[in-house]
Amino acid sequence: QVQLVESGGGLVQPGGSLRLSCAASGSIFRINTIGWYRQGPGKERELVATSITGARTNYADSVKGRFTISRDGTKNTVYLQMNSLKPEDTAVYYCAAKQLGSEKYDYWGRGTQVTVSS
């Protein structure tokens, strides 16, 4: 089993920045891919960014150039740096983990709320 805990959400003004953290514990050696998803009010869940072990990162077009996903292996933590935030970035942000060979994300955190508003 793998446990994921997100933190770092909050209220920020448009144009501001936040850094989300996703702390992983448990059988993390199984994990090959970490993804950040978000779900805004009245919207479908959207894959925002992915980090694949030994491979490049990927981003949704809506956040490309503004968001950066990174890992700190010493802390078993994945970050999502969010800059130039917009009101449409308001959502609950979830991190998810996928095992090598898995077609779907196997583990999910509970989410952290990000609200972008003046």
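Before reading further, recall that the structure is shown in the block above.
Peer 1: Help me understand the pattern of salt bridges in this model?
Peer 2: Should their charged atoms come close, side chains of opposite charge can pair. The final tally for this structure, using the stated rule, is five salt bridges. Note that D89 is salt-bridged to R38, the shortest N-O span being 2.9 Å. In this pair, D89 sits in the loop between β8 (77–82) and β9 (91–99) while R38 sits in strand β4 (residues 31–39), placing the two residues 51 residues apart along the sequence. Taken as a pair, D89 and R38 share a single burial class, namely buried. Between K64 and D61 there is a salt bridge, and its shortest N-O distance comes to 3.1 Å.

Peer 1: Honestly, the pairing of β4 in this entry has me stumped. Any pointers?
Peer 2: Consecutive side chains along a regular strand alternate between the two faces of the sheet. Burial within β4 is extensive, with eight of its nine residues counted as buried. Across eight bridges, the pairing between β4 and β9 is antiparallel. Bridged to R38 within β9 is Y93. Inspection of the sheet shows β4 paired to strand β5 (residues 46–52) by six bridges, in the antiparallel sense. Opposite R38, over in β5, you have E46 as the bridge partner. Here β4 folds back onto β5, and the loop between the two strands holds six residues, one of which, G42, carries a positive phi near 75°.

Thresholds, definitions, all that
Residues numbered from 1 in each chain as written. Predicted model: local features only at pLDDT ≥ 70, side-chain atom pairs only at ≥ 80, totals over all residues. Heavy atoms only, no water. Salt bridge = Lys/Arg side-chain N within 4 Å of Asp/Glu carboxyl O. Helix = DSSP H or I, 4+ residues; strand = E, 2+ residues; numbered from the N terminus. Buried < 20%, exposed > 50% of the residue type's maximum accessible area, 1.4 Å probe, protein only. Pairing = 2+ DSSP bridges.

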